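Tertiary structure, described
Chain by chain, the residues run as shown.
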Amino acid sequence: MPRPFTLFTGQWADLPLEEVARLASGWGYDGLEIAVSGDHLDAWRWDEPGYVESKLALLEKYNLKVGAISNHLKGQAVCDDPIDFRHQAIVGPKVWGDGDPEGVRQRAAEEMQHTARLAKALGVDTVVGFTGSSIWQYVAMFPPVPEKVIDAGYQDFADRWNPILDVFDECGVRFAHEVHPSEIAYDYWTTVRTLEAIGHREAFGLNWDPSHMMWQGIDPVSFIWDFKDRIYHVDCKDTKVRQTGRNTVMGSHLPWGDPRRGWDFVSAGRGDVPWEASFRALSAIGYDGPISVEWEDAGMDRLHGAPEALAALKKFDFPPSNTSFDAAFKQ
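Residues numbered from 1 in each chain as written. Predicted model: local features only at pLDDT ≥ 70, side-chain atom pairs only at ≥ 80, totals over all residues. Heavy atoms only, no water.

Our next topic: the sheet that holds strand 4 (residues 126–129). Ordered by their spatial adjacency, eight strands build a closed barrel running 1-2-3-4-5-6-7-10, and the pairing between neighbours is parallel. Strand after strand, the sheet turns through a mean of 30 degrees between neighbouring axes, direction not considered. Strand direction decides the pairing type here: strand 3 (residues 65–70) and strand 4, joined by two bridges, are parallel. From the neighbouring strand, Ile 69 faces strand 4, where its bridge partner is Val 127. (Pairing = 2+ DSSP bridges. Helix = DSSP H or I, 4+ residues; strand = E, 2+ residues; numbered from the N terminus. Axes fitted to C-alpha atoms, helices over the stretch in contact; angles between N-to-C directions.)

Written out as structure tokens, the structure is:
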């Protein structure tokens, strides 16, 4: 049976949720991965009478399901150091408060706990998001950084996220961390160390998004296999890599869509992600959850791109075989 295709609403938070639902339904999506952003979802209202029911009724109106919910923006602030103007722009006034950094982190952690409760109330078992990191600032490793500082960063992550994950366990909900630059787990080995830091507890898994792997040189297919017990959700975004000797992997502080960049996000199916091999790997590990289209392409109108990406990805999704080769050969 084909997996359900959902549209991630994070890039559509400027529109009311009903408008996004109307569009997605018209394009043929099965559901939404709803961001805790804009008017789409408010985690602090998880127990408000009628709130969850109104969101589910809206989705039912357009014959959509909720595949997962996400809270990347507040998750980012849980561990980040420094907390600064960038966070004020994304976390909202309730979490920002007076801007005291530790207060922001604590309120962000509280919202992530509420996000688990909201997910349970909505009837979904997966929250997608970021963790933040107190040591991403040291990624260049110069000026020199003592090993104990890196060790302390992973301990800080564990100390801040274990209480959040306790609530996820209480709710029967899993957190799917998006492996991404600026997070505690941003590539292969940092993912290994992140899982070790929290004792491989089952509440913490991964959101497979190959777009961030491509420009770092990570094989997204091998990543699926190596972390097969931790792939809790899938976001599909594509990347086009253009390493010319002038255009480099670091991006040169250039804006999205600038042709001088060494890589850029493009609509799914127009980049370098090996989608067929990836979908086959997902089938091999038994992943049967949503395929969520995270549409992002600075050079294309999203009203054109979102339905195009859905059609492109559906070509690569097919029911896995339920007959072994040997059995078929003997018939």
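On to unusual backbone geometry. Cis peptide bonds are those with omega within 30 degrees of zero, and the linkage from Asp 81 to Pro 82 qualifies with 10 degrees. Secondary-structure assignment places Pro 82 in the loop between helix 3 (72–79) and helix 4 (85–96). With an omega of 0 degrees, the peptide bond between Phe 142 and Pro 143 qualifies as cis. Here Pro 143 is to be found in the loop between strand 4 and helix 6 (147–171).

Taken as a whole, the largest pocket spans an internal volume of roughly 1,400 Å³. Along the walls of the largest pocket sit 44 residues, with Trp 136, His 180, Pro 181, Ser 182 and Trp 256 positioned nearest its centre. Secondary-structure elements contributing two or more residues to the lining of the largest pocket are helix 3, helix 4 and strand 9 (263–266). What the second largest pocket holds in volume is close to 190 Å³. Surrounding the second largest pocket, 16 residues form its lining, Asp 42, Trp 44, Lys 74, Val 91 and Glu 111 being those nearest its centre. Put simply, the parts of the chain that give the lining of the second largest pocket at least two residues each are helix 3 and helix 4. The element contributing the most residues to the lining of the second largest pocket is helix 4, with six residues. (1 Å grid on protein atoms, 1.4 Å probe; cavity = no way out; pocket = protein on both sides within 12 Å on 5 of 7 lines; lining within 4 Å. Points joined across faces, edges and corners; volume = space filled by probe spheres on them.)

A word on the packing of helix 6 against helix 7 (residues 188–197). At a closest axis distance of 9 Å, the pairing of helix 6 and helix 7 adopts a crossing angle of 55 degrees. In terms of orientation, helix 6 and helix 7 fall into the oblique class. Read as a crossing pair, helix 6 and helix 7 show a hand that is right-handed. In this structure, helix 6 uses Ile 150, Asp 151, Tyr 154, Phe 157 and Ala 158 to contact helix 7, whose residues at the interface are Thr 190, Arg 193, Thr 194 and Ala 197. For the contact of helix 6 with helix 7, the residue count by class is five nonpolar, two polar and two charged. (Parallel < 35°, antiparallel > 145°, perpendicular 65-115°, else oblique. Left-handed = near helix turned anticlockwise from the far one by under 90°. Contact = heavy atoms within 4.5 Å. Nonpolar A, V, L, I, M, F, W, Y, C, P; charged D, E, K, R; others polar.)

Take the UniProt feature "domain: Xylose isomerase-like TIM barrel" (unreviewed entry) in the chain next. Using the residue numbers shown here, the UniProt feature "domain: Xylose isomerase-like TIM barrel" (unreviewed entry) corresponds to residues 22–315. Overall, residues 22–315 shows 44% helix and 14% strand. The separation of its end C-alpha atoms is 23 Å. (UniProt positions renumbered as here; feature names shortened; annotations may be inferred.)

Turning next to the packing of aromatic side chains. Scanning all chains against the criterion turns up 15 aromatic pairs. On the basis of an interplanar angle of 80 degrees and a centroid distance of 4.8 Å, the ring pair of Tyr 188 and Trp 189 is categorised as edge-to-face. A residue is classified by how much of its surface remains accessible, and Tyr 188, at 27% relative accessible area, is partly exposed. Judged by centre distance (6.3 Å) and plane angle (80 degrees), the rings of Trp 275 and Phe 279 are edge-to-face. Within this pair, Trp 275 and its partner Phe 279 are both found in helix 10 (residues 275–284), separated by four residues, close to a single helical turn. The pair Trp 275 / Phe 279 is uniform in exposure class, with both members buried. Taken together through their ring pairs, the aromatic side chains of Phe 157, Trp 161, Phe 168, Phe 175 and Phe 204 make up a single cluster. Against the face of Tyr 232 rests Arg 174, its NZ or CZ located 4.1 Å from the ring centre. (Phe/Tyr/Trp six-rings, centres within 6.5 Å; stacked < 30°, edge-to-face > 60°. Buried < 20%, exposed > 50% of the residue type's maximum accessible area, 1.4 Å probe, protein only. Lys NZ or Arg CZ within 6 Å of the ring centre and 35° of its normal.)

Turning to the pattern of salt bridges, a few remarks are in order. Scanning all chains against the criterion turns up 22 salt bridges. Of the charged contacts in the structure, one is a salt bridge between Arg 302 and Asp 14, with a shortest N-O distance of 2.9 Å. With a gap of 288 residues between them, Arg 302 in helix 11 (residues 302–314) and Asp 14 in the loop between strand 1 (5–8) and helix 1 (17–27) connect regions that are remote in the sequence. Take Arg 302: its relative accessible area is 22%, and that puts it in the partly exposed class. By relative accessible area, Asp 14 is classed as exposed at 55%. (Salt bridge = Lys/Arg side-chain N within 4 Å of Asp/Glu carboxyl O.)

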